Amino acid sequence: YQAAATSSNSGYLKRLTGQFAEARALYLESLRVHQELDSVRGVVVAKGYLGETELALGNLDQAQAYLEEAIALNEQPVHIPESGRIRADLGVLYGMQGRYEDAREQFTLGERVLRGLWALEYGILLCKRGHMEHAAGDGEAALQALIAAQSVADGMEAAPESELSRAIVVLSDKLHSL
């Protein structure tokens, strides 16, 4: 498990710094180790991170495959909190494909998992939903997502340099440029 955890953590840092190809290689290593160990939870998390990375690279078909596989595995023997983040990424992907109702469904399912459980990820999900609603032409829903994300950030006293605070600034700037 240590090798898989190290690869996953290193991949996360690479992804945050925009080094997506390097992140992909580390997540693939993490996936391989978790598959060898027969760790369903580890496989779900690794596929979720791979999907998020492929999404960032613009590889929508590969991202969709990883994210949908992660959700399908998660629904089988074990349900994990990371499924909320994975569903948020599926919402982003479906929004990029113009499948706004499917995107909304994924965001709603992700919200149910994350609300009250994982404030940081819940706030980020709300920002992603705001971007999708903006792309779908629903400025009111986008603004509501921004307000809700700011409320989460305030409640957890998120630092200005946190991932959530940065996501709120990006969404706010987008909505104010209308």
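Everything that follows concerns the structure shown earlier in this document.
Small disclaimer: the values here were computed from a predicted structure and weren't measured.

Criteria and thresholds
- Residues numbered from 1 in each chain as written.
- Predicted model: local features only at pLDDT ≥ 70, side-chain atom pairs only at ≥ 80, totals over all residues.
- Heavy atoms only, no water.
- Helix = DSSP H or I, 4+ residues; strand = E, 2+ residues; numbered from the N terminus.
- Expected span 1.5 Å × (residues − 1).
- Buried < 20%, exposed > 50% of the residue type's maximum accessible area, 1.4 Å probe, protein only.
- Contact = heavy atoms within 4.5 Å.
- Axes fitted to C-alpha atoms, helices over the stretch in contact; angles between N-to-C directions.
- Parallel < 35°, antiparallel > 145°, perpendicular 65-115°, else oblique.
- Nonpolar A, V, L, I, M, F, W, Y, C, P; charged D, E, K, R; others polar.
- Left-handed = near helix turned anticlockwise from the far one by under 90°.

(A) Inspection of helix α6 (residues 100-114) at higher detail. When the terminal C-alpha atoms of α6 are compared, their 21 Å separation across 15 residues agrees well with the 21 Å that a helix rising 1.5 Å per residue should span. All buried positions along α6 are accounted for by Ala 103, Arg 104, Gln 106, Phe 107, Gly 110, Glu 111, Val 113 and Leu 114. Buried-residue contacts for α6 involve α5 (82-96) and α7 (119-135). Note on α6: the residue one or two positions beyond its end, Gly 116, has a positive phi of about 80°.

(B) Quick look at the packing of α5 against α7. Across the interface, α5 lies against α7 with an axial gap of 10 Å and an inter-helix angle of 10°. Judged on the interaxial angle alone, α7 and α5 are roughly parallel. Here Gly 84, Arg 85, Ala 88, Asp 89, Gly 91, Val 92 and Gly 95 of α5 lie close against α7, whose contacting residues are Glu 121, Leu 125, Lys 128 and Met 132. For the contact of α5 with α7, the residue count by class is four nonpolar, three polar and four charged.

(C) Representation of the packing of α7 against helix α9 (residues 163-176) within the structure. Interhelical geometry of α7 versus α9 gives an angle of 20° and a closest axis separation of 9 Å. Considered as vectors, α7 and α9 are oriented roughly parallel to each other. Taken as a pair, α7 and α9 cross one another with a handedness that is left-handed. In this structure, α7 uses Leu 120, Gly 123, Ile 124, Cys 127, Gly 130, His 131 and His 134 to contact α9, whose residues at the interface are Glu 163, Leu 164, Ala 167, Ile 168, Val 170, Leu 171, Lys 174 and Leu 175. Class assignment for the residues of the contact of α7 with α9 results in nine nonpolar, four polar and two charged.

(D) Spatial organisation of unusual backbone geometry. The phi dihedral of Asp 38 is positive, around 60°, even though this residue is not glycine. Within the secondary structure layout, Asp 38 lies in the loop between α2 (20-36) and α3 (40-57). Phi at Glu 157 takes a positive value of approximately 50°, unusual for a residue other than glycine. Within the secondary structure layout, Glu 157 lies in the loop between α8 (139-155) and α9. Take Glu 157: its relative accessible area is 70%, and that puts it in the exposed class.

(E) Structural context of the environment of Arg 15. Among the secondary structure elements, Arg 15 is positioned in helix α1 (residues 2-16). Spatially, the C-alpha atoms of Arg 15 and Ile 124 are 16 Å apart, while their sequence positions differ by 109 residues. Non-local contacts of Arg 15, meaning those with residues more than four positions away in its chain, are made with Phe 20, Ala 23, Tyr 27, Tyr 49, Glu 52 and Thr 53.

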